[in-house]
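Now for the letters of each chain:
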Amino acid sequence: MTGKVYLIGAGPGDPDLLTMKAHRLLTAADVVLYDRLVGEQIIAMIPATAEKLYVGKAKSLHSLPQEEINALLATKAKEGKVVVRLKGGDPFIFGRGGEELEELVQEGVSFEVVPGVTAAAGCAAYAGIPLTHRDYAQSVRFLTGHLKDGTTELPWNELVHPAQTLVIYMGLTGLESISQSLIRFGMRPSMPVAIVEKGTSKDQRVFTSTIKDIHQIALQNEVKSPALLIIGEVVALQDKLSWFGKSCLIEQKGS
Ligand SMILES: C[S@@+](CC[C@H](N)C(=O)[O-])C[C@H]1O[C@@H](n2cnc3c(N)ncnc32)[C@H](O)[C@@H]1O
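Below or above, wherever it landed, is the structure these notes cover. All residue numbers here refer to positions counted from 1 along the written sequence of the relevant chain. It should be noted that, the model being predicted, local features are given only for residues of pLDDT at least 70 and side-chain atom pairs only at 80 or more, the latter also being counted only at that level, while totals for whole chains, interfaces and linings use all residues. Only hydrogens and water are removed before side-chain values are computed, so all heavy atoms of the structure are retained for them.

**Quick look at the pattern of salt bridges**
For salt bridges, the criterion is a side-chain nitrogen of Lys or Arg within 4 Å of an Asp or Glu carboxyl oxygen. Using the criterion set out here, one finds 14 salt bridges in the structure. Of the charged contacts in the structure, one is a salt bridge between Lys78 and Glu107, with a shortest N-O distance of 2.5 Å. Of this pair, Lys78 sits in helix H3 (residues 66-78) while Glu107 sits in helix H4 (residues 97-107), and the two are 29 residues apart along the sequence. Only protein chains enter the accessibility calculation, which uses a 1.4 Å probe; a residue is then buried when its area is under 20% of its type maximum, exposed when over 50%, and partly exposed in between. Take Glu107: its relative accessible area is 32%, and that puts it in the partly exposed class. Between Arg85 and Glu100 there is a salt bridge; the shortest N-O distance is 2.8 Å. Here Arg85 is found in strand E4 (residues 82-87), whereas its partner Glu100 is found in helix H4, with 15 residues between them in sequence. We classify Glu100 as buried; its relative accessible area is 1%. Because the salt bridges share partners, they merge into one network encompassing Asp35, Arg85, Lys87 and Glu100. Helix and strand definitions here come from DSSP, where helices need a minimum of 4 consecutive H or I residues and strands a minimum of 2 consecutive E residues; each element is numbered from the N-terminal end.

Next comes the structure, spelled out in structure tokens:
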């Protein structure tokens, strides 16, 4: 009997952001393949009886090539196992989820997809930055700052647009060139920008600055991956709306 693969988004870090469906499937898994960005507390939920396979990937330090991950998923499912493929954030947003499923289709293996809270939603919420706001942004755009060929060539013309928030995943390495390109294509140098490092985790750090100075701020503060860039007028609300790390009502009641 062929098993099944569950492609599951683990969210950006805070284990409480795991969906109930993800938790239910994770605790019933025979095999779990997980990525670097899945938080330790979520990995601790994997049953002791399950086979745990760490498959990747720090940038330019792939522990298992993508093709082998794809093949492994199919092999394990064909052994009749309940296979959980656990990814940081949401599997369909810069998560290569589509590539893995294409292989399963080709191999005739059945699957389900469980969405997760993507870094953009999680980091924005925990940083206190609404990605849209009727006064400041009517659209939001998710981009990757790291293309398959290693460059950072983005459609700059389309990105310098009023009332739009940009969220850039994997933008830390190319930050200087991203900022310069946006300014060259007409973004005002004082446009507010935030960098959220390790968003939603207890180690979250948020730095706000301008598109002109954000690279310097990131260097000075030794910002490390995973980090997300949020660019747009909405970032100015962070001052007023930040809440994470301040004591909240539920904690106060419980303590
Ligand atoms: C390969 S992408 C995976 C994105 C993931 N599938 C998602 O939906 O969030 C990895 C990038 O996502 C961003 N990221 C993921 N988790 C993050 C976190 N907790 N804090 C800040 N950025 C995060 C970073 O830009 C990181 O380099």
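**Quick word on the site of the ligand**
Near the ligand, the surroundings consist of 18 residues, among which Ile93, Thr118, Ala119, Gly199 and Ala227 are the closest. Between N or O atoms, a polar contact is any pair within 3.5 Å; within protein, one atom must be a potential hydrogen donor and the other a potential acceptor, and residues adjacent in sequence are included only when both atoms are from side chains. Within the contact set of the ligand, an oxygen atom lies 2.8 Å away from a backbone nitrogen or oxygen of Asp90. Between the ligand and Gly199, the relevant distance is 2.8 Å, taken from a nitrogen atom to a main-chain nitrogen or oxygen of the residue. Shrake-Rupley sampling with a 1.4 Å probe provides the accessible areas, and residues are treated as covered by the protein chains on show and by no other component. In isolation the ligand offers 570 Å² of accessible surface; the protein chains occlude 89% of this area. Listed by contribution, the elements that provide at least two residues to the shell around the ligand are helix H5 (119-127) and strand E10 (227-231). Amino acids are sorted into nonpolar (Ala, Val, Leu, Ile, Met, Phe, Trp, Tyr, Cys and Pro), charged (Asp, Glu, Lys and Arg) and polar (every other residue, Gly among them). Of the residues that constitute the shell around the ligand, the class distribution is 12 nonpolar, four polar and two charged. Any residue with a heavy atom positioned within 4 Å of a molecule or strand is treated as near that molecule or strand.

**Some remarks on helix H7 (residues 175-184)**
Those residues of H7 that fall on the buried side of the exposure criterion are Leu175, Ile178, Ser179, Ser181 and Leu182. End-on view of H7: buried residues confined to an arc of 165 degrees, all on one side of the axis. Looking at the buried side of H7, the elements it contacts are helix H6 (156-159), strand E7 (164-169), strand E8 (192-197), helix H8 (214-220) and E10. In the segment just after H7, Gly186 is the residue with positive phi, at about 115 degrees. In this description, one arc is meant: the one made by directions from the helix axis to the C-beta atoms. Only heavy atoms enter the contact rule, under which two residues are in contact if any of them lie within 4.5 Å.

**Observations concerning the nonpolar core**
General note: in soluble globular proteins, nonpolar side chains tend to be found buried as a group. As used here, the term nonpolar core means buried Ala, Val, Leu, Ile, Met, Phe, Trp, Tyr and Cys residues forming a set that is joined through side-chain atoms within 4.5 Å. Core analysis: the biggest nonpolar cluster contains 21 residues, and Leu159, Leu166, Leu182, Met187, Ile195, Ile211 and Ile231 have the highest contact counts within it. Excluding anything up to four places from it in sequence, Ile231 contacts Gln164, Thr165, Leu166, Ile168, Leu182, Met187, Met191, Pro192, Val193 and Ile211.

**Description of the packing of H3 against H4**
Orientation of H3 relative to H4, taken along the N-to-C sense of each, is 45 degrees, at an axis distance of 9 Å. It follows from the interaxial angle that H3 and H4 lie oblique. Our pair here, H3 against H4, has a crossing hand that is right-handed. Residues Gln66, Ile69, Asn70, Ala71, Leu73, Ala74 and Lys78 of H3 touch H4, and the partners they reach there are Glu99, Glu100, Glu103, Leu104 and Glu107. When its residues are assigned to classes, the contact of H3 with H4 shows five nonpolar, two polar and five charged. Angles run from 0 to 180 degrees between N-to-C directions of axes, and those axes are lines fitted to C-alpha atoms, restricted for helices to the stretch in contact. Comment on the angle field: the value is read as roughly parallel under 35 degrees, roughly antiparallel over 145, roughly perpendicular from 65 to 115, and oblique elsewhere. Note: crossing handedness is left-handed where the near helix turns anticlockwise from the far helix by less than a right angle, and right-handed where it turns clockwise.

**Quick notes on the environment of Ile231**
Along the polypeptide, Ile231 turns up in strand E10. Expressed as a C-alpha distance, the spacing of Ile231 and Asp213, which sit 18 residues apart in the sequence, is 12 Å.

**Some points on the sheet that holds strand E2 (residues 31-34)**
The strand order across the open sheet built from five strands is E3-E2-E4-E1-E5, with neighbouring strands paired in parallel fashion. In the strand order of this sheet, the two ends are held by strand E3 (51-54) and strand E5 (110-114), each with one partner. Averaged over all neighbouring strand pairs, the angle between strand axes comes to 15 degrees, with direction disregarded. Sitting on the sheet, H3 is in contact with strand E1 (4-9), E2, E3 and E4, with an inclination near 155 degrees to E4. Pairing between two strands is assigned when DSSP locates at least 2 bridges connecting them.

**Quick notes on the sheet that holds strand E6 (residues 139-144)**
An order of E6-E7-E10-E8-E9 is seen for the five strands of this open sheet, with the pairing classed as mixed. Of all the strands in the sheet, just E6 and strand E9 (205-210) have a single pairing partner and so form its edges. With direction set aside, neighbouring strand axes in the sheet form an average angle of 20 degrees. Two strands pair when backbone bridges link them, and E7 and E10 are joined in this way by three bridges, in the antiparallel orientation.

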